[in-house]
Amino acid sequence: MVCLNVSLLVTTATFITAIQHASCFVCPSAQCPESATKLHAVSASVTPRKVVIVGGGIGGLSSAFDARKLLRHDDQICVVSDRESFQFTPSNPWVATRMRTAKDISLDLKEILPRHGIQFVHGRAKHLDPRGNSLTLEGGTKLPYDFLIIATGPRLAFDEIPGAKDHATSTHGNTMVSVCTTPHAEHAAQQIDDLVNNPGPSVVGCTQDASCFGPAYEFALLLHSELKKRGGEQLLQQCPITFVTSEPYIGHLGTMGAGESRKILEQLLNERNISCHTNSIVTKITSSSVVIEKMDNNVKHHNKLTLDIPSKFTMLIPPFRGQHVWKSVPHLTDKNGLISINEFQQSTAYPNIFGVGVCVSIPPVEVTPVATGPPKTGYMIESQGTAAVTNIRSMIDFMEQQKEPNSKDGAPELTTVPTLNGLCITDFGGTGAIFLTLPQYPPRHTDVTVQGTVATLAKIAFEKYFLHKVESGDTDPYYEKYMLHLIGVDRVKDKK
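Note that the structure is a prediction, hence the values are computed from the model and not measured.

Parameters at a glance
- Residue numbering note: each chain is counted from 1, following its sequence as written.
- Only residues with pLDDT of 70 or above have their local features reported here, since the model is predicted, and side-chain atom pairs are shown and tallied only from 80 upward, although totals for entire chains, interfaces and linings are computed over all residues.
- As a rule here, side-chain values cover all heavy atoms of the structure and leave hydrogens and water aside.
- We count a stretch as a helix when DSSP gives it H or I for four or more residues in a row; a strand needs E for two or more, and each element gets its number in order from the N terminus.
- One less than the residue count of a helix, multiplied by 1.5 Å, gives the span that helix is expected to have.
- Here the term buried applies to any residue with accessible area under 20% of the maximum for its type, exposed to any over 50%, and partly exposed to those in between, with areas from a 1.4 Å probe on protein chains only.
- Residue contacts are defined here by distance: any two heavy atoms, one from each residue, within 4.5 Å place the two residues in contact.
- Identification of polar contacts relies on pairs of N or O atoms within 3.5 Å, with a donor-acceptor requirement for protein atoms, meaning one able to donate a hydrogen and the other able to accept it, and with residues adjacent in sequence counted only if both atoms are side-chain atoms.
- A pair is scored as a salt bridge if a Lys or Arg side-chain nitrogen falls within 4 Å of a carboxyl oxygen belonging to Asp or Glu.
- Pairs of strands are assigned from DSSP output, requiring at least two bridges between the strands.
- Structural elements are reduced to axes, namely lines fitted to C-alpha atoms, with helices fitted over the stretch in contact, and the angle between N-to-C directions of any two is expressed from 0 to 180 degrees.
- By convention, the crossing between two helices is left-handed when the near helix turns anticlockwise from the far helix through less than a right angle, and right-handed when the turn is clockwise.
- Under the scheme applied here, ten amino acids are nonpolar (Ala, Val, Leu, Ile, Met, Phe, Trp, Tyr, Cys and Pro), four are charged (Asp, Glu, Lys and Arg), and all others, including Gly, are polar.
- Take the buried Ala, Val, Leu, Ile, Met, Phe, Trp, Tyr and Cys residues and link them wherever side-chain atoms come within 4.5 Å; each set so joined is a nonpolar core.

1. Points about helix H6 (residues 182–197)
Link 1 in the chain: Between its terminal C-alpha atoms H6 stretches 23 Å, which fits the 22 Å expected from 16 residues at 1.5 Å a residue.
Link 2 in the chain: Along H6, the residues that are buried comprise Thr 182, Ala 185, His 187, Ala 188, Ala 189, Gln 191, Ile 192 and Leu 195.
Link 3 in the chain: On its buried face, H6 is in contact with strand S3 (85–87), helix H4 (92–96), strand S11 (176–177), strand S12 (202–206), helix H7 (214–238) and strand S18 (313–317).
Link 4 in the chain: In this structure Thr 181 caps H6, since a side-chain oxygen of it lies 3.1 Å from the backbone nitrogen of His 184.

2. Focus on the pattern of salt bridges
Link 1 in the chain: By the definition in use, this model includes 31 salt bridges.
Link 2 in the chain: Across the pair Lys 304 and Glu 293 runs a salt bridge whose closest N-O atoms are separated by 3.8 Å. Here Lys 304 is found in strand S17 (residues 304–310), whereas its partner Glu 293 is found in strand S16 (residues 289–295), with eleven residues between them in sequence.
Link 3 in the chain: One salt-bridge network, in which partners are shared between bridges, spans Asp 66, Glu 382, Lys 469, Asp 476, Glu 480, Lys 481 and Arg 491.

3. What about the sheet that holds strand S13 (residues 241–244)?
Link 1 in the chain: Here five strands make up an open sheet; going across it, the order is S11-S18-S12-S13-S14 and the pairing parallel. For this open sheet the edge positions go to S11 and strand S14 (275–277), each flanked by a neighbour on one side alone.
Link 2 in the chain: Examined bridge by bridge, S12 and S18 share five bridges and lie parallel to one another. Residue Cys 206 lies in a different strand from S18, and its bridge partner there is Ile 317.

4. What about the packing of helix H3 (residues 58–70) against helix H10 (residues 378–401)?
Helix-helix packing is described using two parameters, namely the angle between the two axes and the distance between the axes.
Link 1 in the chain: Their axes nearest at 8 Å, the elements H3 and H10 cross at an angle of 35°. Read as a crossing pair, H3 and H10 show a hand that is right-handed. Across the interface between the two elements, Ile 58, Gly 59, Ser 62, Ser 63, Asp 66, Ala 67 and Leu 70 from H3 touch Gly 378, Ile 381, Glu 382, Gly 385, Thr 386, Val 389, Thr 390 and Arg 393 from H10.
Link 2 in the chain: When its residues are assigned to classes, the contact of H3 with H10 shows five nonpolar, seven polar and three charged.

5. Quick word on the nonpolar core
Link 1 in the chain: In terms of nonpolar packing, the biggest core is built from 91 residues, with Phe 86, Phe 219 and Ile 317 touching the most fellow members.
Link 2 in the chain: The element contributing the most residues to this core is H7, with nine residues.
Link 3 in the chain: Not counting the four nearest positions on each side in its chain, Phe 219 is found in contact with Ala 96, Val 179, Ile 192, Val 204, Phe 313 and Met 315.

See the structure below:
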């Protein structure tokens, strides 16, 4: 049954990509104004509400498009982003290995969002006044809101790893890169060019408190494939790769594994002579090495082994933290600056603020000897956005009801929660893997890893399909929702 479901999942991805240009399936409000007017018709007595969404990535855009679809026609939707373009983060490892350019995976927000009835403001958040319902941007612009969705992604805490920030800022003469953002991936591509011209050892992996493990494995295996492509076995021998991770074992992925992820990834790394160190804390990065403390499986860290691993090229996923602007707001975040939320994606301190995506605080799947964060993959992030917007609609409806005579006192009842399903699609260069955990937090009804060229094809299809969804202004089209529902995959559920 599990194999059947995964096959159906891949078939679904291929099918919805094949039909993406069929006008009978895609009908956003901008293309069908008459239908949209009927769908969102509201009475003149309704008070329009303003929803401000901070973040122009997967979480911010999926929330914005859901808001435009699920809220009322007169409600105002505004997206604020410090970037003028949307960049498809899952394709960053391809950018780093020059299989894609930044342009290939980018879309212009100022062109796309207004076309779908969503205001776009290019700017960076500077100060939040949650009591006054106001967000101030750098430059002084103030944006009032009725509801705020924070979807800014993580702050990459290179500063917590001694030496990492020093070797990750300039474009030449350093070894430290990441693939967490598209500009970082472009930088990595330049450094790979330098590595080919001046061969030496490499270290790839995840630091303590990282929460995005799939791309690290993906990059390590793609780097091996790229080096072999450019210089054959001779270059590979000159550029040995070491994989370093905070996971307790290879293939843990921050999720306690996905099916046979451990066996599959151990085999892939072993076949490529990539040595591995698990339970590792990165304590220092220099221009020529990565220093780690390797722990045993005792959570109290009684036994440590210090290793100085030679490295001319280093790609590490750093710890994920919250943006400083949010951490400065009393009671909004946890100690790491991540938005503290309840199960409805709602701030635990401010009822009209919601958090979506990597910037929110959720617990690890399990406690590990070295800290590992819980992954927040694309589909999970989209489900969080859908839950947040659905609950905002419930609050708006309640506010309208309160205007009626003899209305009852109290608070709106929120019932929609995200399913938190984990789905990670990776390309390893000639092969790939799909990691599926439904849901991510045990107990699970599906827990599997599928390996093969089908995974690479699925990733290609998913990239093209998601970029199309952003262009069309609907990241949850009804045909996708229906087909995923057939195989038991839903974005949200009602707690009632």
